[in-house]
Amino acid sequence: MSDEFAKDVAEGLLATPKTLPSKYFYDAAGDDLFIQIMDLPEYYLTRAEMEIFRDQTDALIQALGQVPDQPFELIELGAGDGQKTFYLLKGLLAAGYDFTYVPVDISSNVLEHLQRYLADKLPDLNIRTEQGDYFKRLKVLQETDLPRVILYLGSNLGNLTDDKSKAFMEKISRRLTAGDRLILGVDKKKSADIVLPAYNDSAGITSAFNLNLLTRINRELGGEFDLAQFRHAPEYDEENGIATSFIESTADQDIKIGTIGKTVHFGKGEKIKVEISRKYDLPIIRKIIADTPFEIETVFKDSRSYYLDIVLLRD
Ligand SMILES: C[S@@+](CC[C@H](N)C(=O)[O-])C[C@H]1O[C@@H](n2cnc3c(N)ncnc32)[C@H](O)[C@@H]1O
């Protein structure tokens, strides 16, 4: 990971404009901060998707299109703490379904927690964890010949541009067979007064989460970032429905990063783009899956219609 991290950091910080990949947010400190983000009053996303999984569990189970006595795999990309999926897992076990849960996550820390939590709460669950970057480990979708349901929740797709989303959905669909399904959880396009605070909370947790990327570079790559000289600067383009998180340099400065053997110059006000969080509606999703064998089968919404869980059927 460290070699790849060094390569990605060098590439991103020596480019114009500067960028850093958001997948590096999730070290142990980042995992903890993200758990705090999910509890923030401004961060409506988790609560909205949680409500769907908690209040519509039976309908979701029906929408998976499986039958109790036929084994299948439930594979989750970027499982995190599995809090929403828990309702589904519990419901499936109670209804006697025969399935294996396969959480995939880049963070081994997250997977260890999840495994311990589920062993305690759902001791009858069959579980096989897979640690790795799901963009590179998609063969995990083809490890058995069983029917598959993929969960891709938390609006994780929204961290990709639409072109990259298209390519990723195509790649996933090529690994699936007819009748397999993917549940895609996405945040809905809405006004800036609701969206922007979700990325700029008053307690400063999102800021700490973003700036932790610099702490990680300091620790793992011998970086010399002074966090007091940088700030979290989110923006939301309401018309296109794209929130972007930047880390902004508050001074003109040169930062040495030992492992990559470079000094990176930052002008005052210069920004590093660290994450986009795209917001969707069904026409945008239809465009993204247009060249894939996926079709929209069912759409679940929360009570405020802030969030969508879309069941895609692989033809
Ligand atoms: C935003 S959290 C969402 C967690 C959960 N799915 C939810 O909806 O609450 C993203 C999770 O995906 C993981 N993740 C992010 N990028 C990843 C990647 N490229 N490959 C595998 N896991 C990734 C992170 O470690 C984190 O646990």
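Basis of the calculations
- Residues numbered from 1 in each chain as written.
- Predicted model: local features only at pLDDT ≥ 70, side-chain atom pairs only at ≥ 80, totals over all residues.
- Heavy atoms only, no water.
- Helix = DSSP H or I, 4+ residues; strand = E, 2+ residues; numbered from the N terminus.
- Rg over C-alpha atoms; globule rule 2.2 N^0.38 Å.
- Buried < 20%, exposed > 50% of the residue type's maximum accessible area, 1.4 Å probe, protein only.
- Areas by Shrake-Rupley, 256 points an atom, 1.4 Å probe, with all protein chains shown as cover.
- Lys, Arg positive; Asp, Glu negative; His and termini not counted.
- Charge placed at Lys NZ, Arg CZ, Asp CG, Glu CD.
- Expected span 1.5 Å × (residues − 1).
- Arc of directions from axis to C-beta.
- Contact = heavy atoms within 4.5 Å.
- Pairing = 2+ DSSP bridges.
- Near = heavy atom within 4 Å.
- Polar contact = N/O pair within 3.5 Å; in protein donor to acceptor, adjacent residues only side chain to side chain.
- Nonpolar A, V, L, I, M, F, W, Y, C, P; charged D, E, K, R; others polar.
- Bend = angle between axes of the 7 residues up to and from the residue.
- Phe/Tyr/Trp six-rings, centres within 6.5 Å; stacked < 30°, edge-to-face > 60°.

(A) Main features of the overall build of the protein. Looking only at helices and strands, the protein features ten helices and 14 strands. Taking 2.2 N^0.38 as the reference for a compact globule, 315 residues should give roughly 20 Å; the C-alpha atoms of the protein span a radius of gyration of 20 Å, in line with that estimate. Dimensions of the protein, computed from C-alpha atoms along their principal axes, come out at roughly 65 × 40 × 35 Å. Relative to its 315 residues, the protein shows a buried fraction of 52%. In the form shown here, the protein has an accessible surface area of approximately 13,800 Å², with 48% of it arising from carbon and sulfur atoms. Between the mean site of the 38 positive side-chain charges and the mean site of the 52 negative ones, the protein shows a separation of 3 Å.

(B) Focus on helix 6 (residues 108–121). The terminal C-alpha atoms of helix 6 lie 20 Å apart, and with 14 residues this matches the ideal 20 Å at 1.5 Å per residue to within 8%. Three or more residues of helix 6 are buried, namely Val110, Leu111, Leu114 and Leu118. Viewed along the axis of helix 6, the buried residues span an arc of 95°, placing them on a single side of the element. Seen from the buried face of helix 6, the exposed residues on the opposite side, beyond 90 degrees, are Arg116, Ala119 and Asp120. Among the structural elements, helix 2 (28–38), helix 5 (83–94), strand 3 (99–105), strand 4 (126–127) and strand 5 (130–131) are those in contact with the buried residues of helix 6.

(C) The environment of aspartate 3, seen in detail. In this fold, aspartate 3 is placed in helix 1 (residues 2–14). Residues aspartate 3 and glycine 30 lie 27 residues apart in sequence; the distance between their C-alpha atoms is 20 Å.

(D) Inspection of the pairing of strand 14 (residues 307–314) at higher detail. Burial runs high along strand 14: eight of the eight residues are buried. As defined by bridge partners, strand 7 (residues 181–187) adjoins strand 14 across seven bridges and the pair is classed as antiparallel. Across the sheet, leucine 182 pairs through a bridge with leucine 312, a residue of strand 14. Examined bridge by bridge, strand 13 (residues 294–301) and strand 14 share seven bridges and lie antiparallel to one another. Of the residues in strand 14, the one forming a bridge with threonine 298 is valine 311. A loop of five residues connects strand 13 with strand 14, the two strands running antiparallel in sequence, and serine 305 in this loop sits at a positive phi of about 60°.

(E) Quick look at the site of the ligand. Near the ligand there are 18 residues, and of these Gly78, Lys84, Asp105, Asp133 and Tyr134 occur at the shortest range. A distance of 2.6 Å separates an oxygen atom of the ligand from a polar atom in the side chain of lysine 84. Between the ligand and the protein, one listed contact pairs an oxygen atom with a side-chain N or O atom of aspartate 105 at 2.5 Å. In isolation the ligand has 590 Å² of accessible area, and contact with the protein removes 93% of it. Looking at the shell around the ligand residue by residue, the classes come out as eight nonpolar, six polar and four charged.

(F) Focus on the side chain of aspartate 302. For aspartate 302, the position within the fold is in the loop between strand 13 and strand 14. Within polar-contact distance, the side chain of aspartate 302 engages the backbone nitrogen of tyrosine 306 at 2.9 Å. Separated by 2.8 Å, the side chain of aspartate 302 and the backbone nitrogen of tyrosine 307 make a polar contact. Not counting residues up to four positions away in its chain, the partners in contact with aspartate 302 are Ala48, Glu51, Ile52 and Tyr307.

(G) Seen up close, helix 9 (residues 205–221). For helix 9, spanning 17 residues, the distance from its first C-alpha to its last is 24 Å, which sits close to the expected 24 Å at 1.5 Å a residue. The largest bend in helix 9 is about 30°, located at leucine 211. Three or more residues of helix 9 are buried, namely Ile205, Thr206, Phe209, Asn210, Leu211, Asn212, Leu213, Leu214, Arg216, Ile217 and Leu221. In the stretch just after helix 9, glycine 222 is the one whose phi turns positive, near 60°.

(H) Layout of the packing of aromatic side chains. Taken as a whole, this structure holds 21 aromatic pairs when the rule is applied. With centroids separated by 4.5 Å and ring planes inclined at 40°, the aromatic side chains of phenylalanine 25 and phenylalanine 209 adopt a geometry described as tilted. Pair noted here: phenylalanine 25 is in the loop between strand 1 (18–19) and helix 2 and phenylalanine 209 is in helix 9, with a separation of 184 residues, a long-range link. Residue phenylalanine 209 is classed as buried on the basis of its relative accessible area, which comes to 3%. Among the aromatic residues, those joined into a ring-pair cluster are Phe25, Tyr26, Phe34, Tyr43, Tyr199 and Phe209.

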